[in-house]
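Next come the chains, spelled out residue by residue.
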Amino acid sequence: QSFIGGGAGQFTREIIPIPGSTAHGDIVAESSATNVIEGFYSGEFKYRESLRSQFIKTFSSPQNWSTYDSLVVNVKCLNGIHGPVKMYLESTSGEKSAEFVILEQDEITENNDPSQYNFELRVIDLTAIPFRNKVKKLVFFTDDLENPFTFFIDFINVQRAILLPEEGQMVLRYSTAGKV
């Protein structure tokens, strides 16, 4: 089943210019004998643009993750030549979190547990995200569009390490059948 298309629970795919990059285009006169048919010159056209491939999960309603401290992502890649894969979160007002590296450049994932099929766990600290009470998008991306490679993402979830409130009172009772 394809997860591309933007339907319920699916991701959309975009190819966009890398933020901050500029497109380069040149036209020059070329006089090499193998590049000229008639006359002394031909026009040599060069165009280069840095592009990003990104996969976006847009939530139907803003996610309030303020009571959670970790975003957990399971990732797998068996291709040895590829650029880094990163992710970020986006708020309802367009704010973006820092970028988190999900796969290092040329990283092949491994897991000694055979039931995990070489998926590795990545944990993102949500406490540093000021808008974690209004998360609208989860974006995975790579700027490597030259090396064909495949990566897998599975079981994305939010977790909390501390299940009790920071302040309050806890009463512990102990009972036994023996006489005290």
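Higher on the page you've got the structure.
Predicted model, so just to flag it, every value in this text is computed and none were measured.

Reading guide: rules and limits
The residue numbers shown here count from 1 along each chain, following its written sequence. Where local features are concerned, this predicted model is filtered to residues with pLDDT of at least 70; where side-chain atom pairs are given and counted, the filter is 80 or more; whole-chain, interface and lining totals use all residues. With hydrogens and water stripped out, all remaining heavy atoms of the structure feed into the side-chain values. Each helix corresponds to a stretch of at least 4 residues labelled H or I by DSSP, and each strand to a stretch of at least 2 residues labelled E; elements are numbered beginning at the N terminus. The atom set for the radius of gyration is the C-alpha atoms, and the globule formula is 2.2 Å times the number of residues raised to the power 0.38. Throughout this description, buried means an accessible area under 20% of the type-specific maximum (1.4 Å probe, protein chains only), exposed means over 50%, and partly exposed covers the range between. We call two residues in contact whenever any of their non-hydrogen atoms come within 4.5 Å of each other. For the area figures, the Shrake-Rupley method with a 1.4 Å probe applies, and any residue is considered shielded solely by the protein chains shown. Only strands that DSSP links by at least two bridges are regarded as paired with each other. Only the stretch in contact is used when fitting a helix axis, every axis being a line fitted to C-alpha atoms; angles between N-to-C directions are given from 0 to 180 degrees. Put simply, a nonpolar core is a bunch of buried Ala, Val, Leu, Ile, Met, Phe, Trp, Tyr and Cys residues held in one set by side-chain atoms that sit within 4.5 Å of each other.

1. Some thoughts on the overall build of the protein
Inference 1: Counting secondary structure elements, the protein contains 0 helices and 10 strands.
Inference 2: Mapped from its N terminus to its C terminus, the protein presents α and β elements in the order β-β-β-β-β-β-β-β-β-β.
Inference 3: Rg of the C-alpha trace for the protein: 25 Å, well past the compact-globule value of 16 Å for 180 residues, more than 25% over.
Inference 4: Considering only C-alpha atoms, the protein reaches an extent of 110 × 40 × 30 Å along its principal axes.
Inference 5: Within the span of the protein, comprising 180 residues, buried residues form 29% of the whole.
Inference 6: In the protein, once contacts between residues fewer than 6 apart in sequence are set aside, the share between residues at least 24 apart is 73%.
Inference 7: A total accessible area of about 12,700 Å² is found for the protein, and carbon and sulfur atoms account for 51% of it.

2. Quick word on the sheet that holds strand β1 (residues 12-17)
Inference 1: Pairing within the open sheet is antiparallel, and its 5 strands lie in the order β1-β4-β9-β6-β7. Each edge of the open sheet carries a strand with a single partner, namely β1 and β7 (100-103). For this sheet, the mean angle separating the axes of adjacent strands, direction not counted, is 30°.
Inference 2: With 7 bridges connecting them, strand β4 (residues 51-63) and strand β9 (residues 135-142) associate as antiparallel partners. Note on β9: the bridge partner recorded for Gln-63 is Val-135.

3. Observations concerning the side chain of Glu-30
Inference 1: Tracing the sequence through the fold places Glu-30 in strand β2 (residues 24-30).
Inference 2: What makes Glu-30 buried here is its relative accessible area of 18%.
Inference 3: Not counting chain neighbours up to four residues away, the residues in contact with Glu-30 comprise Asn-35, Val-36, Phe-40, Tyr-41, Ser-42 and Glu-44.

4. Observations concerning the nonpolar core
Inference 1: If you look at the biggest cluster of nonpolar residues, it comprises 22 residues, and the most contacted ones within it are Trp-65, Leu-71, Met-87, Leu-89, Ile-102, Leu-138 and Phe-140.
Inference 2: Broken down by secondary-structure element, the contributors of at least two residues to this core are β5 (70-77), β6 (85-91), β7 and β9.
Inference 3: Here the element with the most residues in this core is β5; it accounts for 4 residues.
Inference 4: Residues contacting Leu-138, with those up to four places away along its chain left out, are Phe-11, Phe-55, Ile-56, Lys-57, Phe-59, Leu-71, Met-87, Tyr-88, Leu-89 and Ile-156.

Limitation: the analysis is restricted to geometry and does not speak to function.
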